[in-house]
Amino acid sequence: MEYLQKIAKIDFSKILDTVADDKKAVAEALIDEIRFMQQTLNTLKDKIKENGTEELFQNGRQEINHEAPALNSYIKLVARYSSLYKQLCNLVKRQADDVSELDTFIKEE
């Protein structure tokens, strides 16, 4: 199972319950962006699978292959997506005997 599909199944409401009250608004915003990024990454991934990682660029008589825009966008978005997850993890209250669903997922990867 692809990691994006696994992440999509995470119950963010449970994770939100582990965030301190004064940080909940930030966590909710991060979760909203993470969900949007999941959808966008899946769309970009489909485009890359369909069209490949390179495309032919023509400028007059000159033709060169260059990185497909979808691949470039995907690479940039994955980095930002990972950064948001790290920020969300940092907001989760750490308890010695409590392992959150997000922690469990991270340890599996």
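Rules used throughout
- Residues numbered from 1 in each chain as written.
- Predicted model: local features only at pLDDT ≥ 70, side-chain atom pairs only at ≥ 80, totals over all residues.
- Heavy atoms only, no water.
- Phe/Tyr/Trp six-rings, centres within 6.5 Å; stacked < 30°, edge-to-face > 60°.
- Helix = DSSP H or I, 4+ residues; strand = E, 2+ residues; numbered from the N terminus.
- Buried < 20%, exposed > 50% of the residue type's maximum accessible area, 1.4 Å probe, protein only.
- Pairing = 2+ DSSP bridges.
- Contact = heavy atoms within 4.5 Å.

Overview of the packing of aromatic side chains
- Throughout the structure, instances matching the rule amount to two aromatic pairs.
- Ring centres of Phe-12 and Tyr-85 lie 6.5 Å apart, and the angle between their planes is 40 degrees; on these two criteria the pair is classed as tilted. Here Phe-12, found in helix 2 (residues 12–17), pairs with Tyr-85, found in helix 4 (residues 69–91); they are 73 residues apart in sequence, far enough to count as distant.
- The class for Tyr-85 is buried, based on a relative accessible area of 10%.
- Pairing Tyr-81 with Tyr-85 gives two aromatic rings, centres 5.4 Å apart and planes at 70 degrees, and the pair type is edge-to-face. Remark: Tyr-85 and Tyr-81 occur in helix 4; sequence separation between them is four residues, near one turn of the helix. The residues Tyr-81 and Tyr-85 share a single accessibility class, namely buried.

Focus on the pairing of strand 1 (residues 54–59)
- Here strand 1 runs beside strand 2 (residues 62–67); their pairing, made up of six bridges, is antiparallel. Across the sheet, the residue bridging to Glu-55 is His-66, located in strand 2.
- The turn joining strand 1 and strand 2, which pair antiparallel and follow one another in sequence, is formed by two residues; a positive phi near 65 degrees is taken by Gly-60.

Examining the environment of Asp-17
- Locating Asp-17 in the fold gives a position in helix 2.
- Residue Asp-17 is classed as exposed on the basis of its relative accessible area, which comes to 59%.

A short note on the environment of Lys-47
- Following the sequence through the fold, Lys-47 ends up in helix 3 (residues 24–51).
- Judged by relative accessible area, Lys-47 falls into the partly exposed class, the value being 44%.
- A sequence separation of 23 residues divides Lys-47 from Ala-70, and the C-alpha atoms of the two residues are 6.7 Å apart.
- Look past the residues within four positions of Lys-47 in its chain and what remains in contact with it is Gly-52 and Ala-70.

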